[in-house]
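Structural overview
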Amino acid sequence: MTLLDLTLPTPAENLAIDEVLLDLAETGQGGETLRFWESPLPFVVVGYANKIATEVKAETCATLGVPIFRRCSGGGTVVQGPGCLNYTLILRIADTGPTRNVTSTNRFVMERNRAALASLIGASVANGGVVQVRGHTDLAIGALKFSGNSQRRRKRFLLFHGTMLYAFDLALVDRLLKFPSQQPDYRRGRAHDKFVTNLPLLAADIKRALQKAWSVTHLLSPPAITSELLEKYQSGEWNKKF
């Protein structure tokens, strides 16, 4: 597996390059990849089918100058910014392997990531919780979420990406997002500030743990983003489609 540790200047570029990596793998010009990136400025990104009016405090975002974008994968709406490390996995789909369908891929990736992070902070942390998979694609310390994840599948390869909160301004979540239209059972109606937490690790430690877990062997040169794909992520037609 190759490694791409790259944060591009704008949210649109950072979202677009994930789809570039998937496209390259699908067409035989790339392969399995682990990418890291972290936005220096806050922005909101909704899942492919999310409705902005339902999930986002759009007026507050406009007042604060926080842009809203849409990603190509499913899942819920998240706030990005400093202290939120993003990772991306491009994985080959195997007919009889753990990536054969959505459910088995979720279990496979989430358990590997869980084990990698749990090995760093030990079996338990100060609040008595343990690192565990909650819901379908959350990672949590006890009942507090620090990672949300989603995937998009093609015929030969899939994109699996997610967030890792480690030093994030958690108050931004409640300030910019409405209560989600869908919630996992373990949330139990809790407000954002009662539901999310930061992982007690440095970004460099998280990166090293995931690189080891996914057996990174060499570095990947940054791929080019086509003008068509960049225009897609910059356009209101895409970002405000729902």
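Position numbers for residues count from 1 along each chain, tracking the sequence in the order it is written. Only residues with pLDDT of at least 70 get local features here, since the model is predicted, and only at 80 or more are side-chain atom pairs given and counted; chain-wide, interface and lining totals rely on the full set of residues. The side-chain quantities take in all heavy atoms of the structure and omit both hydrogens and water.

This brings us to helix H4 (residues 102–121). Segments assigned H or I by DSSP are reported as helices when at least four residues long, segments assigned E as strands when at least two residues long, and all are numbered from the N terminus. In a helix, the anticipated span is given by 1.5 Å times the number of residues less one. With 20 residues, H4 extends 29 Å from end C-alpha to end C-alpha; this agrees with the ideal 28 Å at 1.5 Å per step. Burial in H4 covers these residues: Ser104, Thr105, Asn106, Val109, Met110, Asn113, Ala116, Leu117, Ala118 and Ile121. Contacts: residue pairs with any heavy atoms within 4.5 Å of one another. Looking at the buried residues of H4, the elements they touch are strand E6 (84–92), strand E7 (131–134), strand E8 (138–141), strand E9 (144–153), strand E10 (157–165) and helix H6 (203–213). Capping the start of H4 is the job of one residue whose side-chain oxygen sits 3.2 Å from the backbone nitrogen of Thr103: Asn101. Throughout this description, buried means an accessible area under 20% of the type-specific maximum (1.4 Å probe, protein chains only), exposed means over 50%, and partly exposed covers the range between. A 3.5 Å cut-off defines polar contacts: any pair of N or O atoms within that distance qualifies, except that in protein one atom must be a possible hydrogen donor and the other a possible acceptor, and neighbouring residues in sequence count only when both atoms are side-chain atoms.

A few words on the nonpolar core. Counting residues in each nonpolar core, the largest one holds 31 residues, and the members touching the most others are Tyr87, Leu89, Met164, Ile206 and Leu210. Elements represented by at least two residues in this core include exactly strand E2 (33–37), E6, H4, E8, E10 and H6. Looking at this core element by element, the count peaks at six residues for H4. Apart from residues no more than four positions distant in its own chain, Leu210 is found in contact with Leu34, Phe36, Tyr87, Asn113, Ala116 and Met164. The next biggest cluster of nonpolar side chains, apart from the first, holds 23 residues, and it includes Leu8, Phe69, Phe157 and Trp238. We define a nonpolar core as any set of buried Ala, Val, Leu, Ile, Met, Phe, Trp, Tyr and Cys residues linked to one another through side-chain atoms lying within 4.5 Å.

Two rings belonging to Phe, Tyr or Trp (six-membered ring only in the last case) form a pair when the distance between their centres is within 6.5 Å. Interplanar angles under 30 degrees mark stacking, angles over 60 mark edge-to-face geometry, and anything in between is tilted. Taken as a whole and assessed by the stated rule, the structure comprises seven aromatic pairs. Seen from their ring centres, Phe43 and Phe69 are 5.7 Å apart, and the 85 degrees between their planes marks the pair as edge-to-face. Taken together, the residues span a long stretch of sequence, with Phe43 in strand E3 (residues 43–46) and Phe69 in strand E4 (residues 68–70) at a distance of 26 residues. Since its relative accessible area comes to 11%, Phe69 is described here as buried. Ring geometry for Tyr48 and Phe242: centres 6.2 Å apart, planes at 80 degrees, overall edge-to-face. In this pair, Tyr48 is assigned in the loop between E3 and helix H2 (52–55) and Phe242 in the segment after helix H8 (236–239), connecting sequence segments 194 residues apart. By relative accessible area, which is 34% here, Tyr48 ends up partly exposed.

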